[in-house]
Structures are given as C-alpha cells and as structure tokens.
Amino acid sequence: MSGTIYACTSTAVLAQQLRDLVVRAQDQALQSHDRFTVAISGGSLPRTLAQGLLAQPEGLHWSKWHVFYADERCVPLDDAESNHRLVQAELLDHVPIPRAQVYTLNPALVTNPEEAANDYEKQMTDVFAHKDAVRLPVFDLILLGMGPDGHTCSLFPGHPLLDEKERWVSYLQDSPKPPPTRITLTLPVVNHARRAVFVVIGSNKQDALARIFDHKEPLPAQRVQLVHGELVWLMDEAAASAIQRAPIARLVEN
Ligand SMILES: O=C1O[C@H](COP(=O)(O)O)[C@@H](O)[C@H](O)[C@H]1O
C-alpha cells in the first residue's frame, strides 16, 4: 500500500496539515508551470479544506488556481446535492479564484450524463492540452474523500467504472449512494496526479480503512496508487483506530 498515513488528534490539526500540503503542492506547481491545477471532492472534505485554508490564507496565490471536481452529481449547480455548490459555499465564495478557472458540470447537461462527462472531459482537455497530445492530464493535486464503503470520487466497490482505462471522465447512473447519476474522474487520471491527499474523518470509516491497510482489500480507495506522485492519507484518530498493521505517524496539537 503506497502513501503516508497521518492520524490527527483533532480536526483542527488535520485542517492545518491539509493546508500545508496544499501550499506545498501549489508552490511546486507555480515554480514549474506557473499555474495550479487541483481537483476537489465533495462530501465532508470541503469544510475541512476551507477550515485550513481560510484560517491561514497567506501564501495562497488564488489567481493561479484552476479548480476541477473529482466527481460531481448530475444535478443543477445550486442543488443541495451539488459538490460544486458545497465547495462554493465553503471556499470559493470566500476567495478570489477567477470564476472562469472553476470548471463545473455543464448545467444544461444534467439529464444527459454521457454528454455531461464528454463536456467535462473537453473542459479538461482545454486546460491540459488536447487529448490526442497527452494521454492523461496530470493534476498538481487531487483532494479525495472516502465513503464508509471505501468509495472515492464516484468510483464504488464492484462497479465496472473501476476498470475504465481510456476515458478521463466517465459517468454512472447507478450510484449506490444518492443521487444515482454522477460524473467522475477515472482511476488513470487520479493515479497520474503529482500529488493526492485523502481526508478521512469519523468512526464510520474505520472498517474500510482497516480492510484497505491491514487486509489489502482492493476497495476503490485502495486502488489509488500514484504512478509517479506522492500520496498522503490524513485521518482523525477515530477513523484510524482500527488500523493494526500499517505504520501511522501521529500529529498532535502544537
Ligand atoms: O458522494 C460522495 O462521497 C465521497 C465521500 O464523502 P464523505 O462525506 O464520506 O467524505 C466524496 O469524496 C465524493 O466527492 C462525493 O461525491
């Protein structure tokens, strides 16, 4: 299992560590190509991300950020289930990232997920170069969550989308977690990121984490294995508590 695991004594410690990892990824990206491409997940992650970034905004070069979503639900952008709406409320409304650099699901395509995935892939090719020119986009950072069933992005256990090899963005209409219709980054895209960080909080995640780290079960989150990049798992003590065999670094309050 690749990746460094940190168990944090509080959400505040975790948020601070997450902020530091984001700043490091941003600074490296700006040094090498003068922009920062990041994909953000929905669920519980945006609140912790905002907690860290908004508490210490110095050193964050918002005008250089290009924000994608690791997955999105096929609902209007102002729907309570929209990952964009959540990230906007928690973070984007509070920071000066140019709106043209926030890449959302095309709201005109919510009832046509195949087209919505094609359109999102097109938005990505416009930023990362044409799909014929680069086999895969390389995000500077992908921020991931994990559900209690071990899903990440909208890649669910046993779902055929886990075997997708060609597409950058795909769609599903049978998500076991509502809403059923979604688009998602595929595993090849996630695994070619320069860095990825999982944020996993709460005791309802401990079984999935033990299955991944102790029993090497190929749950979707376990299949995130970066080809060249650095993978970090940030979790709270409750989530980490059932892991027995994997090495865990402890992060405590200063
Ligand atoms: O449905 C989703 O769930 C996962 C995990 O969410 P969490 O609330 O358990 O952290 C999330 O990463 C994904 O973006 C979202 O669409």
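Look a little higher up for the structure.
Residues numbered from 1 in each chain as written. Predicted model: local features only at pLDDT ≥ 70, side-chain atom pairs only at ≥ 80, totals over all residues. Heavy atoms only, no water.

What to know about the sheet that holds strand β4 (residues 71-73)
Put simply, the rule reads: Pairing between two strands requires that DSSP report at least two bridges joining them. Segments assigned H or I by DSSP are reported as helices when at least four residues long, segments assigned E as strands when at least two residues long, and all are numbered from the N terminus. Lines fitted to C-alpha atoms define the axes here, with helix axes fitted over just the stretch in contact, and angles between the N-to-C directions of these axes take values from 0 to 180 degrees.
In space, the three strands of this open sheet follow the order β4-β7-β6, with antiparallel pairing throughout. Of all the strands in the sheet, just β4 and β6 (169-172) have a single pairing partner and so form its edges. Across this sheet, the average inter-strand angle for adjacent strands is 20°, counted without regard to direction. Pairing of β6 with strand β7 (residues 182-185), which is carried by four bridges, proceeds in the antiparallel orientation.

Side note on helix α3 (residues 83-90)
As a reminder of what qualifies: When accessible area is computed with a 1.4 Å probe and restricted to protein chains, residues below 20% of their type maximum are described as buried, those above 50% as exposed, and intermediate ones as partly exposed. Working definition: the arc comes from the directions between the helix axis and the C-beta atoms, pointing outward to the latter. By definition in these notes, contact holds between two residues if any of their heavy atoms fall within 4.5 Å. We define a polar contact as two N or O atoms separated by no more than 3.5 Å, with the added condition that, inside protein, one atom must be a possible hydrogen donor and the other a possible acceptor, whereas residues neighbouring each other in sequence contribute only through side-chain atom pairs.
Every buried residue of α3 is accounted for by N83, H84, V87 and E90. The buried side chains of α3 occupy one side of the element, clustering within an arc of 140° when seen end-on. Where α3 is buried, its residues meet β2 (36-40), α2 (45-55), β3 (65-69) and β4. Between the side-chain oxygen at the start of α3 and the backbone nitrogen of H84 there is a gap of 3.2 Å, and the oxygen is on S82.

With respect to the sheet that holds strand β8 (residues 195-200)
Remark on secondary structure: sheet strands pair via backbone hydrogen bonds, oriented parallel or antiparallel. Pairing in this open sheet of seven strands is parallel, and the strands run β3-β2-β5-β8-β9-β1-β10 from one edge to the other. If you trace the sheet from one side to the other, it starts and ends with β3 and β10 (249-251), each paired once. This sheet shows a mean twist of 20° between the axes of neighbouring strands, independent of strand direction. Of the pairings in the sheet, the one linking strand β1 (residues 4-8) to strand β9 (residues 230-236) comprises five bridges and is parallel in character. Bridge pairing links A7 to M235 in β9.

It is worth stressing that arrangement in space is one thing and function is another; only the former is reported here.
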